[in-house]
Amino acid sequence: MDPALTPVLQAAGEAHHLATSIEGYVYPNEQNLLWSVLIVVYPYITGLVAGAFIMASLVRVFNVKALTPVYRLALLTALAFLVCAPLPLLFHLGHPERSYQVMITPHTSSPMAMFGFVYAWYMMAVLLLELWCEYRHDLVVWSERERGLKGALYRVITLGVRDISPAALHLDERLSKIITVIGIPSAFLLHGYVGFIFGSIKANPWWGNVLMPVIFIFSAMASGMALCVVLYKELCWFRRKAVDDACLDEMGKFLFYALLVDFTVEGLDWLHRLYAAEESISVLKQLAEGRLFNTLLVIQLCLGTLLPLLALGATQILPGRIPVWFRQRIYYNSAFLILVGVLAMRWNVVIGGQLFSKSLRGFATFKMGLAGQEGWLLSVGLIFLPFVVLGVLVWLFLPEPPSGPEAKETVAAPVAN
Amino acid sequence: MNHVISRRRMLGALGSALGWIASQPVAHAAKAAVQNLLASSHAPKGYDPTKHKWLMCIDVDRCIGCGLCVDACKAENHVPEASSFFRTWIERYIIKTPEPGGNEVRGEVLVDSPNGGRNGFPPSTVPREEILKSFFVPKLCNLCEHSPCAQACPVGATFDSPDGAVLVDSNYCIGCGFCIQACPYGCRFLNPETKTAEKCSLCYHRITRGLRPACVEVCPTQARIFGDLKNPVENDPVQEFVRKNKVFTLKPHLGTEPRVLYANIDKEVR
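Criteria and thresholds
- Residues numbered from 1 in each chain as written.
- Chains lettered and ligands numbered in written order.
- Predicted model: local features only at pLDDT ≥ 70, side-chain atom pairs only at ≥ 80, totals over all residues.
- Helix = DSSP H or I, 4+ residues; strand = E, 2+ residues; numbered from the N terminus.
- Rg over C-alpha atoms; globule rule 2.2 N^0.38 Å.
- Buried ≥ 20, exposed ≤ 12 C-beta atoms within 10 Å, placed from the backbone.
- Contact = placed C-beta atoms within 7 Å.
- Pairing = 2+ DSSP bridges.
- Axes fitted to C-alpha atoms, helices over the stretch in contact; angles between N-to-C directions.
- pLDDT = per-residue confidence, 0-100.
- Domains from an automatic or database assignment.
- Nonpolar A, V, L, I, M, F, W, Y, C, P; charged D, E, K, R; others polar.
- Parallel < 35°, antiparallel > 145°, perpendicular 65-115°, else oblique.
- Left-handed = near helix turned anticlockwise from the far one by under 90°.
- Core = buried A, V, L, I, M, F, W, Y, C linked by C-beta atoms within 7 Å.
- Expected span 1.5 Å × (residues − 1).
- Bend = angle between axes of the 7 residues up to and from the residue.

## Brief notes about the overall build of chain A
Within chain A one finds 15 helices and 2 strands. For 417 residues, the compact-globule estimate of 2.2 N^0.38 gives 22 Å, and the C-alpha radius of gyration of chain A, at 24 Å, lies within 12% of that figure. The C-alpha extent of chain A, read off along each of the three principal axes, is 80 × 55 × 40 Å. Per-residue burial for chain A yields a buried fraction of 44% across its 417 residues. Put simply, 79% of the contacts in chain A that link residues at least 6 apart link residues at least 24 apart.

## Some remarks on the overall build of chain B
Helix and strand counts for chain B stand at 7 helices and 11 strands. C-alpha atoms of chain B, sized along the principal axes, occupy 80 × 50 × 45 Å. Within chain B, buried positions represent 41% of all 270 residues. When contacts within chain B are restricted to residue pairs at least 6 apart in sequence, those whose partners lie at least 24 apart make up 65%.

## Examining the sheet that holds strand β4 (residues 131-139) of chain B
All names here are of chain B. An order of β3-β2-β4 is seen for the 3 strands of this open sheet, with the pairing classed as antiparallel. Looking at the sheet topology across the chains shown, the edges are occupied by β3 (109-112) and β4. Mean inter-strand twist for the sheet, computed between neighbouring axes without regard to direction, equals 15°. Both strand β2 (residues 89-96) and β3 contribute to a ladder of 4 bridges, which runs antiparallel. Along β3, the bridge assignment pairs Ile 95 with Val 109.

## A word on the environment of B:Cys200
Note on placement: B:Cys200 falls in the loop between β8 (197-198) and α5 (204-207). Along the chain, B:Cys200 and B:Ala263 lie 63 residues apart, while their C-alpha atoms are 20 Å from each other.

## Re the confidence of the model for chain B
Any segment with low pLDDT has predicted coordinates that should not be analysed in fine detail. Model confidence for chain B is summarised by a mean pLDDT of 92, while 94% of its residues fall at 70 or above. Note on the complex model: pTM 0.88, ipTM 0.89.

## Notes on the domain arrangement of chain B
On domain assignment, one finds that chain B holds domain 1 (1-38) and domain 2 (43-86 + 138-270). A straight line from the C-alpha centre of domain 1 of chain B to that of domain 2 of chain B covers 34 Å.

## Looking at the interface of chain A and chain B
Each partner contributes residues to the interface: chain A has 36 residues there, and chain B has 39 residues. Secondary structure elements with two or more residues in the side of chain A that touches chain B: α1 (5-21) and α5 (101-104) of chain A. Broken down by element, the residue count for the side of chain A that touches chain B peaks at 5 residues, all from α1(A). Of the residues that constitute the side of chain A that touches chain B, the class distribution is 17 nonpolar, 13 polar and 6 charged.

## Focus on the packing of helix α2 (residues 37-60) of chain A against helix α15 (residues 376-397) of chain A
Residue and element names in this part refer to chain A. For the pair α2 and α15, interaxial distance at closest approach is 9 Å and the crossing angle is 15°. When the axis of α2 is compared with that of α15, the two are roughly parallel. In terms of crossing hand, the pair formed by α2 and α15 is right-handed. Between α2 and α15, the contacting residues are Val 37, Leu 38, Val 41 and Ile 45 on the first element and Ser 379, Leu 382, Ile 383 and Pro 386 on the second.

## Regarding the sheet that holds strand β10 (residues 247-248) of chain B
Residues and elements named next belong to chain B. Pairing within the open sheet is mixed, and its 4 strands lie in the order β9-β1-β11-β10. Of all the strands in the sheet, the pair left with one neighbour each is β9 (224-228) and β10. In this structure, β10 lies alongside strand β11 (residues 260-263), joined through 2 bridges in antiparallel fashion. Bridging from a neighbouring strand, Val 247 pairs with Ala 263 of β11. Helix-sheet contacts for helix α7 (residues 237-244) involve β1 (54-59), β9, β10 and β11, and the interaxial angle to β9 is about 120°.

## Some points on unusual backbone geometry
We note that A:Leu159 has phi near 60°; this positive angle belongs to a residue other than glycine. Backbone geometry places B:Leu143, a non-glycine residue, at a positive phi of 50°. As for its position among the elements, B:Leu143 is in the loop between β4 and α3 (148-152).

## Observations concerning the nonpolar core
Residue and element names in this part refer to chain A. In this structure, Val 49, Ala 78, Met 225, Cys 228, Met 251 and Leu 255 are the most contacted members of the largest nonpolar core, which totals 183 residues. Looking at this core element by element, the count peaks at 18 residues for α2. Residues contacting Val 49, with those up to four places away along its chain left out, are Ala 78, Phe 81, Leu 82, Ala 85, Leu 190 and Gly 224.

## Structural notes on the pairing of β2(B)
With 8 bridges connecting them, β2(B) and β4(B) associate as antiparallel partners. Each residue of the ladder has a partner; that of B:Ile90, found in β4(B), is B:Pro138.

## Here we look at the environment of A:Leu360
Residue position: A:Leu360 is located in the loop between α14 (352-355) and β2 (362-363). Residue classification places A:Leu360 among the partly exposed positions, given that 18 C-beta atoms sit within 10 Å. With near-sequence residues (within four places) excluded, A:Leu360 lies in contact with A:Glu279, A:Ser280, A:Val283 and B:Arg270.

## Considerations on helix α8 (residues 166-199) of chain A
In this model, α8(A) (34 residues) spans 48 Å end to end at C-alpha, consistent with the 50 Å of a helix rising 1.5 Å per residue. Along α8(A), the largest kink reaches about 30° and is centred on A:Gly183; proline A:Pro185 follows within four residues of it.

## Things to note about the packing of α2(A) against α8(A)
All names here are of chain A. It is at 9 Å that the axes of α2 and α8 come closest, and there the two elements cross at 155°. Here α2 is positioned roughly antiparallel relative to α8, judged by the angle of their axes. Read as a crossing pair, α2 and α8 show a hand that is left-handed. Only Ser 176, Lys 177, Thr 180, Gly 183, Ile 184, Ala 187, Leu 190, His 191 and Val 194 of α8 make contact with α2, whose side of the interface consists of Pro 43, Thr 46, Gly 47, Val 49, Ala 50, Phe 53, Ile 54, Ser 57 and Arg 60. Counted by class, the contact of α2 with α8 contains 9 nonpolar, 7 polar and 2 charged residues.

## Details of the confidence of the model for chain A
Residue and element names in this part refer to chain A. In the predicted model, chain A carries a mean pLDDT of 90, and the fraction of residues at 70 or more is 91%. Of all secondary-structure elements in chain A, the lowest mean pLDDT belongs to α1, at 56, while helix α12 (residues 293-317) reaches the highest, 97. Ignoring residues within four places in sequence, the model shows residues 404-417, a span with pLDDT below 50, making 26 contacts including any to other chains.

## What to know about the environment of B:Phe159
Residues and elements named next belong to chain B. The topology assignment puts Phe 159 in strand β5 (residues 158-160). A count of 22 C-beta atoms within 10 Å places Phe 159 in the buried class. Each C-alpha atom of the pair Phe 159 and Gly 15 lies 32 Å from the other, and the pair is 144 residues apart in sequence.

As structure tokens, this is what we get:
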């Protein structure tokens, strides 16, 4: 074969592939989707961070005592997911080796340029500081008790501050509360900012929406709280400990309200879109009824929102009539459905926003590979990586309280027991 | 309470305002100088971007959809061969006649751009009597005055040159794709070889040396008119184009203020 013909044949083959996956007219440069599943994973993980932190803040700031058993678990969950949050972003870049430029020459008009600063602020000024204040007393105790590498690690993390007098602990307590108060708007900022990345794109009518940051914040709260419910139940099961019913009831209550607000805001978004009926409404309706039918209407709306809303709503309206064991199942299963639903929501935003052309005249198709930079395997790996990190953190910082007389000496630590 | 504004304060405020106004040209010149020094734009030494303001006009009635401009652009700028990467392309609009006795004044709108129009267009499958009208629309970077792509770039690799061109420094681009999402006109793509964002640069390496963009050079019908607002020539074609035609821009509601001006486009063109 004439080698000169090879690129022509390749182009023809690609043209055939594109022709079969395109419906209507899309701009030529839009035929291949640019942002793939890694960008779905990124806001999902960040949302879980924000939601888990809000769950923890309910104890510290709003004094919801019933949630104390899950306080530390929620904070560690936020940390484990925050550590992994930049990875999908990094992997998706065309030039990851240049990513440091976002920090050294940030373009101040770009919301994406703020990522490094928002992330660093949240990580350093909020989460790590709060965890340090919360754990300082225990770290001192553990560093004296533990030997070897683990003991050395605890000693390093104390940063040399070994004062555990009542006055010092009181100061820790106060500091921790102040940090959490700062942490709540910071958590909103972290995830509201992710929503703003999409909401600020006026070129895309599916994204360019003032409600987008708000939707992201509340869906983040719902997903983060749901994750705490699932993790708490799983940890209790793993450690063969009884679940604290009051704690789970309280988590179920806050999960219900977070989901209710999320549903209301997203409903308002659709109501506004349908009522305003701007130029793009026709293509967006076709998108929802066609290419996004399964992920938007079936998974996100019915399975991920309405079903858990009804189930959790029943536990709020008829608390006395539903036996405890059944309530617990409702909380767990609803939380699981919410986690799936919010993942579907991220998919619908990121992938859905690229399935239709900005010419508003056609649709593209998304086909995801198994391996490779934008494949299933990497994304699934990135979703599960935070759980591995969390496992290590739980092993290090959420030890099972020893039973017997020794237990009295240990801190009255709010752990999942 | 004393609300009297002293003369000293008033003078101070006035002085500050005047100082701010006076500093603007200096600030702009400094910005241009820094860009000139740091950004790789393929312009020759000595080219001063502050002394030009480029713009492009498209006379849709003149375009015959031959695709020479697309082909020339691909060759001139080493655009990837595949049929999903274009710095410029041509769209064919076919507006069908409405159903007789119906409510519509015009029928279904069909748009296509096979291989970006690079090889011309095959005959339409719509029977001739069913076509109300048909025309070709060349597309390229819209040279937005308020370019959403430059606004979105997290590292400033995409920037507004003072001469009106919106450029990408491929040595600095991190390949995040945010600018591609931000462009309302679908003019950008991620080059699969360099893994950086790419777009029409108005053939910056040519126009900064006194040449015209490749697409303008090869257009057999002069459907593309290129000019410099700061250096009008005698019987300037841009001025004539604006004077003779009703001029439109694409997606004006987005407030991007494009400097690619279209004449004779229909309301269906997006």
